[in-house]
Every structure is written in structure tokens, then in C-alpha cells.
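# Working through the structure, step by step
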Amino acid sequence: MTQHLADPATHDAAAEGPAGRTGWWRDAVIYQVYPRSFADADGDGMGDLEGVRARLPHLRDLGVDAVWLSPFYASPQADAGYDVADYRTIDPMFGTLHDADALIRDAHALGLRVITDVVPNHCSDQHDWFRQALREGPGSPLRARFHFRPGRGTDGELPPNDWESVFGGPAWTRVPDGEWYLHLFAPQQPDFNWEHPAVHDEFRSILRFWLDLGVDGFRIDVAHGLVKADGLPDLGHSEQLKLLGNQVLPFFDQDGVHEIYRSWRAILDEYAGERIGVAEAWTPSAERTALYLRPDELHQAFNFHYLGTGWDAGALRAAIDDSLDAMRPVGAPTTWVLSNHDVVRHRTRFGSLARARAAALLMLALPGSVYVYQGEELGLPEVTGLPDEVRQDPAFFRGDGQDGLRDGCRVPIPWTRNGSSYGFGSGGSWLPQPAEWAGLSVEAQTGDPASTLELYRGALAVRRDSPWLGAGDAVEWLAAPEGVLAFRRGGFVCAANTTGAPVRLPAPGTVLLSSAPLTDPDLLPADTTVWWTA
Ligand code: NOJ
């Protein structure tokens with residue numbers, strides 16, 4: 001089933017990443033493409049790799065450094081591709097391996113690096129290993145690659161322990177021969193047993209496969225979940241979902257995961273061009289996140305503490321300080337992220353476009369690397385009120401799990417004012433787009449200096465040319481009125497007013513960029529961020 005390219009050895013320099021400075025990832029702006037919702041080249045209503053390739057110039061013009069693609073591997077799509085049936089094959093819905101190769105080459109030719117998702121905590125229940133394990137029955141060595149156990153109770157009718165799935169319901173499903181298997185996510189996503197050497201070997205081989213194809217790094221799905229506590233002990237807590245990310249759990253953030261990343265780092269370092277590993281690790285603290293970023297482990301981790309911080313100056317300042325302080329000792333850059341495919345878009349979370357724009361300028365002024373989720377550069381809001389029959393998020397179907405609303409941030413993005421699915425593709429779109437999105441399309445916003453798209457383009461251009469934005473590992477806080485954050489970075493000053501009223505603040509220099517029009521140079525409007533040279 002694995003597709004092969006003619007001969008990876010014939011790859012030219014373009015497949016080895018754009019030439020660039022050392023440490024390119026330390027202050028990189030990385031754009032997340034959610035392939036099913038970015039652009040649809042073949043008109044089936046679902047985005048694909050050819051669609052992404054055709055739209056790469058948008059990303060170059062936006063001014064980002066790299067693209068992270070959510071999974072496009074062969075998958076029954078029980079969890080939008082995070083249920084992988086074959087890690088070396090492209091799902092036909094997204095294209096072929098040749099399309100992936102062409103996409104990587106074109107991106108490199110445009111100066112964009114490419115990061116792919118790797119999903120090592122679990123696979124699909126349609127993965128060959130799991131199908132064989134089911135066929136071969138209890139006691140088979142193939143079952144040892146997963147977590148199969150007999151049940152509890154007189155007839156084994158109860159799950160082996162009390163763990164709950166992140167999507168709701170028990171984390172165990174019983175198979176017809178009576179054994180149960182562990183799945184921290186949907187039942188179609190059996191967890192691998194990382195105590196088994198074959199699992200290690202397989203993932204090392206998968207990493208090499210994609211590195212040979214030219215990818216510049218990996219976003220590691222559920223990086224904190226691979227190792228489970230010995231004996232799979234009960235948690236003894238009835239509301240487990242509330243504990244996620246708040247404490248070390250027998251299935252999350254176990255210390256044993258670090259050995260895996262040390263071995264992965266050695267592989268990344270074998271390749272030229274500084275290939276990186278990015279942890280999706282939900283940990284109880286920035287200090288625990290920093291452990292994934294020790295010099296012999298991964299390069300970056302998503303800053304979910306920042307993502308979870310509201311539009312409030314005090315809370316933001318604390319999150320910024322905590323993040324920078326935690327990363328400094330390991331020498332890793334902090335990352336900043338406001339939106340992704342799993343959370344309500346920040347425009348909606350923060351309650352207005354003005355705040356979303358201000359939050360973007362604040363984030364882009366901080367030291368470290370930034371993640372931008374597709375459509376946030378257009379100021380897209382969350383789509384609420386999708387009819388139940390179009391929803392695909394497995395959490396929705398598991399009832400009491402997550403809020404089940406992840407489809408609302410996954411609606412295909414608008415490219416043009418008119419036409420089928422606003423330029424997403426000629427065959428409509430797999431989730432309905434609101435009519436107002438015509439006015440938020442790339443076409444409608446391009447060239448309009450007041451648009452969010454031009455704000456992002458302008459900010460990324462300033463950031464690219466600036467020796468201060470993104471660089472370093474500290475900010476110098478300036479005195480500011482209540483509800484305002486102000487900091488200096490070299491010859492640059494940023495201030496964000498998180499209050500709903502204008503605030504008097506003497507301009508420290510010449511305005512570079514502002515998230516809202518300024519009527520008085522010494523007045524910072526409500527919910528506005530300004531950049532000055534000073
Ligand atoms: C995190 C991914 O971002 C999310 O979309 C997915 O459902 C889970 N991991 C499980 O793979």
C-alpha cells in the first residue's frame with residue numbers, strides 16, 4: 001500500500017530546504033495549513049495538496065517562514081486524519097506522494113519551509129498492525145504493540161482501568177474475543193505501546209522517510225502521551241477531563257517520553273538544514289513544557305498557556321513572563337499561538353475583531369516563534385451553529401467529551417468574493433461557509449489598508465526586517481496605565497491596551513503600525529496595539 005517515489009536519492013537541493021540562517025526556527029513565523037479546509041484543486045469539496053501548492057504564493061506574500069501541514073496520510077478520517085492507517089501514504093482524498101513531493105519542492109523554491117504532522121501516540125484501527133493484532137487474538141505478540149488487556153469484573157465486562165478518553169467516555173473498547181484495548185482518543189485510534197521496540201523502530205523509520213523527502217521538521221501530535229505509567233494504574237478521579245493539562249497523569253507527561261525525543265533529535269541532527277521537532281505537549285506548567293526542549297530534545301513546543309490566556313493585560317504579562325522565564329534555562333525559544341484547528345478562533349474567544357487584531361500585533365512583537373492558523377490573517381470568526389448533520393468532529397459524537405465544537409474553526413477559508421465556496425474549490429465545501437465570508441476573502445481584503453490581511457502582511461514585513469522583533473529571550477517592561485501592556489525591545493516599543501476605553505499614553509516615538517486608526521498620537525484607543533520605533 002505504501003507509495004514510493006522513483007528514487008529519493010535523485011532529489012535535488014530544493015528538497016533540502018531553503019538556504020537560510022542558523023537557528024531559522026528560533027523566531028520563525030509558522031503558518032498552519034489544515035489541508036481539508038485550505039484549498040480544493042480537484043473540486044470534490046475537500047481541500048487537497050494540489051490546492052495547497054497552488055496557493056503557496058499567498059503564504060509567500062503574507063511573509064511567513066514555514067508551513068505546518070496537519071495530517072494528509074491514508075486515513076479513514078475518524079478524527080480528520082489524526083487516525084493514520086499508513087504513515088507513508090497520502091490519502092487519495094488529499095492526493096499522492098508525488099503531490100507531496102511537488103508541494104515540498106515548490107515551497108522550498110518560494111523560500112518556505114515545510115513541517116508535517118507525525119502522529120505517534122495512536123494510529124487508526126485500520127492500520128495493518130492493529131488489524132493483524134485483532135485477527136491474531138489474545139496473547140499474540142502483535143497485540144503487544146498496543147495496550148490490550150483483559151477486563152475487570154467477573155466476566156471481564158468492565159474496562160481494565162478507570163481512564164477516560166479525551167473525547168469522552170471510557171478510554172477502552174472491548175473486542176469480540178473479550179479483551180479491551182486502550183484509546184486515549186476515539187475508539188478508532190488505538191494507542192501504541194511505546195514499551196515495544198518495534199514501535200520505536202517504526203517511527204524512526206517514518207521520520208527518515210519524510211526527512212528524505214525533504215520536510216524541515218515535524219509537529220508531534222500528543223507528544224506528552226506516548227509513555228504510560230507502569231501497570232496502567234487507576235486515576236481515581238471522576239472528572240478526568242478537568243485534569244488534562246493541569247497535572248502529570250499516568251497517561252500524560254510521564255518522564256519516560258523524553259528518552260524518545262532524545263533519540264528523535266539524533267535523527268533530526270543527521271540531516272542538513274536544521275530540521276526541527278515541535279511538541280504538542282499539554283503539560284501542567286511552562287517548566288514541564290521546557291523539559292521537552294532541553295538541548296538534546298525537541299526545538300519548540302506550542303505555548304498552550306499563552307493560548308489559554310484571556311484578553312487581559314495582567315494575565316498576558318504573567319503568561320509572557322512565565323513562558324520566557326521557563327524557556328531561558330534550556331535555551332529554547334518561546335512560541336506564541338492564538339488559534340489552531342482544535343480551539344475556538346481567537347476573534348470569537350476574545351469577543352471582537354479589534355481585540356483579535358490587537359492580540360496579533362502583540363504576539364508578533366514578542367521574542368520567539370509564532371504560529372498563525374489559516375484564516376486568522378483574514379480575521380475569520382468561529383462558525384457557530386453548524387447543523388448537526390454536517391459535523392465531523394468525533395468529540396461531538398461522544399457526547400459528554402470536549403465541547404464537540406471543533407468543526408467551527410475548520411470551515412474552509414474564503415479566497416474570492418464570488419464563486420463556488422468563495423474560491424475554495426469548484427465543488428462547494430465540506431462545511432458550509434457563512435455568506436459574510438465573501439467580504440473576508442483574500443480577494444476582498446487585498447490592497448485594503450484597513451483590512452486584517454494587510455495588517456498581518458505589514459506586521460510580518462516589519463518583523464522580517466527588524467533586528468528586535470522575534471529575537472532574543474526577554475522583554476523590557478515599561479510603566480503603563482492599568483490594563484495596558486508596554487515593552488521595549490531595542491529600538492522598538494509595543495503597547496497593547498486591553499481595556500474597552502482609550503488610554504492616554506505619550507507616544508514614545510514614530511508609529512510603525514497600529515491595529516486600529518490613531519486619531520491622537522498620545523491616545524491609545526480601546527483594544528488596540530501600537531508599534532513604534534523609539
Ligand atoms: C491533537 C490534534 O491537534 C487533534 O486534532 C487530535 O484530535 C488529537 N491530537 C488526537 O490525535
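Residues numbered from 1 in each chain as written. Predicted model: local features only at pLDDT ≥ 70, side-chain atom pairs only at ≥ 80, totals over all residues. Heavy atoms only, no water.

### Looking at the overall build of the protein chain
From N to C terminus, the protein chain includes 14 helices and 20 strands. For 534 residues, the compact-globule estimate of 2.2 N^0.38 gives 24 Å, and the protein chain sits close to it at 23 Å. Viewed in the frame of its principal axes, the protein chain has a C-alpha envelope of about 75 × 50 × 50 Å. Residue burial in the protein chain is summarised as follows: out of 534 residues, 60% are buried. Within the protein chain, residue pairs in contact and separated by at least 24 positions form 68% of the contacts whose partners lie at least 6 positions apart. (Helix = DSSP H or I, 4+ residues; strand = E, 2+ residues; numbered from the N terminus. Rg over C-alpha atoms; globule rule 2.2 N^0.38 Å. Buried < 20%, exposed > 50% of the residue type's maximum accessible area, 1.4 Å probe, protein only. Contact = heavy atoms within 4.5 Å.)

### Structural notes on the pairing of strand S2 (residues 66-69)
Every second residue of S2 is oriented toward a common face, with Ala-66 and Trp-68 on one face and Val-67 and Leu-69 on the other, all of them buried. Sheet analysis places strand S1 (residues 29-33) next to S2, joined by four bridges and oriented parallel. Opposite Gln-32, over in S2, you have Trp-68 as the bridge partner. Examined bridge by bridge, S2 and strand S5 (residues 113-118) share four bridges and lie parallel to one another. Across the sheet, Trp-68 pairs through a bridge with Ile-115, a residue of S5. (Pairing = 2+ DSSP bridges.)

### Points about the site of the ligand
Neighbouring the ligand are 13 residues; Asp-79, His-122, Asp-221, His-341 and Asp-342 lie closest to it. Contacts to the ligand include Asp-79, whose side-chain N or O atom sits 2.6 Å from an oxygen atom. Within the side chain of Asp-221, an N or O atom sits 2.7 Å from an oxygen atom of the ligand. Surface burial for the ligand is 97%, taken as the share of its 300 Å² of free accessible area covered by protein chains. Across the shell around the ligand, the residue classes tally to four nonpolar, two polar and seven charged. (Near = heavy atom within 4 Å. Polar contact = N/O pair within 3.5 Å; in protein donor to acceptor, adjacent residues only side chain to side chain. Areas by Shrake-Rupley, 256 points an atom, 1.4 Å probe, with all protein chains shown as cover. Nonpolar A, V, L, I, M, F, W, Y, C, P; charged D, E, K, R; others polar.)

### As for the sheet that holds strand S16 (residues 492-497)
Read from one edge of the open sheet, five strands run S14-S15-S16-S20-S18, paired in antiparallel fashion. On the outer flanks of this sheet lie strand S14 (476-477) and strand S18 (510-514), each paired with one strand and no other. Here S18 runs beside strand S20 (residues 528-533); their pairing, made up of four bridges, is antiparallel. Across the sheet, Thr-510 pairs through a bridge with Thr-533, a residue of S20. In the packing of helix H9 (residues 313-327) onto the sheet, contacts are made with S14 and strand S15 (484-489), and the angle to S15 comes to roughly 35°. The sheet strands contacting helix H14 (residues 452-465) are S18 and S20, and the helix crosses S18 at an angle near 130°. (Axes fitted to C-alpha atoms, helices over the stretch in contact; angles between N-to-C directions.)

### Side note on the sheet that holds S2
Across the sheet, eight strands lie side by side as S11-S10-S9-S5-S2-S1-S13-S12; this open sheet has parallel pairing. One side of each edge strand has no neighbouring strand; the edge strands of this open sheet are strand S11 (300-301) and strand S12 (335-337).

### Observations concerning the nonpolar core
Generally speaking, soluble globular proteins have nonpolar side chains that are buried together. With 141 residues, the main nonpolar core has Trp-210, Tyr-261, Tyr-306 and Trp-531 as its most contacted residues. Counting 18 residues, the second largest nonpolar core, distinct from the first, contains Trp-163, Val-222, Phe-251 and Ala-395. (Core = buried A, V, L, I, M, F, W, Y, C linked by side-chain atoms within 4.5 Å.)

### Overview of empty space enclosed by the protein
Considering all chains together, one arrives at five cavities of 30 Å³ or more under this definition. Estimates place the volume of the largest cavity at around 60 Å³. Taken together, Ser-339, Arg-345, His-346, Arg-347, Ala-356, Arg-357, Ala-360, Glu-376, Gly-379, Leu-380, Thr-452 and Tyr-456 form the lining of the largest cavity. Only helix H10 (346-350), helix H11 (353-365) and H14 provide two or more residues apiece to the lining of the largest cavity. Looking at the lining of the largest cavity, its residues break down into four nonpolar, four polar and four charged. Approximately 40 Å³ is the volume found for the second largest cavity. Lining the second largest cavity are Leu-505, Leu-518, Pro-521, Asp-522, Leu-523, Leu-524, Val-530 and Trp-532. (1 Å grid on protein atoms, 1.4 Å probe; cavity = no way out; pocket = protein on both sides within 12 Å on 5 of 7 lines; lining within 4 Å. Points joined across faces, edges and corners; volume = space filled by probe spheres on them.)

### Some thoughts on the confidence of the model for the protein chain
Residues of the protein chain with pLDDT of at least 70 account for 95%, and the chain-wide mean is 94. Taken as a whole, residues 1-15 scores under 50 in pLDDT and shows 28 contacts with residues more than four places along the chain or in a different chain. (pLDDT = per-residue confidence, 0-100.)

### Comments concerning helix H3 (residues 97-109)
For H3, with 13 residues, the first-to-last C-alpha span of 18 Å sits near the 18 Å given by 1.5 Å per residue. Taken as a whole, H3 has its buried residues at Leu-97, Asp-99, Ala-100, Asp-101, Ala-102, Leu-103, Ile-104, Ala-107 and His-108. Buried residues along H3 sit against helix H1 (49-54), helix H2 (56-62), S2, strand S4 (86-90), S5 and helix H5 (197-213). In this structure Thr-96 caps H3, since a side-chain oxygen of it lies 3.2 Å from the backbone nitrogen of His-98. Just beyond H3, the residue with positive phi is Gly-111, at close to 85°. (Expected span 1.5 Å × (residues − 1).)

### Here's the deal with the side chain of Asp-48
Residue placement: Asp-48 occurs in the loop between S1 and H1. Of the side chains with opposite charge, Arg-53 comes closest to the buried, unpaired Asp-48, at an N-O distance of 9.2 Å. A distance of 2.8 Å separates a polar atom in the side chain of Asp-48 from the backbone nitrogen of Gly-51. Contact partners of Asp-48, with chain neighbours within four places excluded, come to Pro-35, Ala-39, Asp-40, Ala-41, Asp-42, Met-93 and Phe-94. (Lys, Arg positive; Asp, Glu negative; His and termini not counted. Salt bridge = Lys/Arg side-chain N within 4 Å of Asp/Glu carboxyl O.)

### With respect to the side chain of Ser-70
As for its placement among the helices and strands, Ser-70 is situated in the loop between S2 and strand S3 (73-74). Of the polar contacts made by the side chain of Ser-70, one reaches the side chain of Tyr-82; its length is 3.3 Å. Those residues in contact with Ser-70, other than ones at most four positions away along the chain, are Gln-32, Val-33, Tyr-34, Pro-35, Tyr-82, Asp-117 and His-341.

### Let's talk about the packing of H11 against H14
At a minimum axis distance of 10 Å, the contact between H11 and H14 shows a crossing angle of 10°. Relative to H14, the element H11 lies roughly parallel. From H11, Leu-353, Arg-357, Ala-360, Leu-361, Met-363 and Leu-364 reach across to H14, where they touch Thr-452, Leu-455, Tyr-456, Ala-459, Leu-460 and Arg-463. Residue classes in the contact of H11 with H14 are distributed as nine nonpolar, one polar and two charged. (Parallel < 35°, antiparallel > 145°, perpendicular 65-115°, else oblique.)

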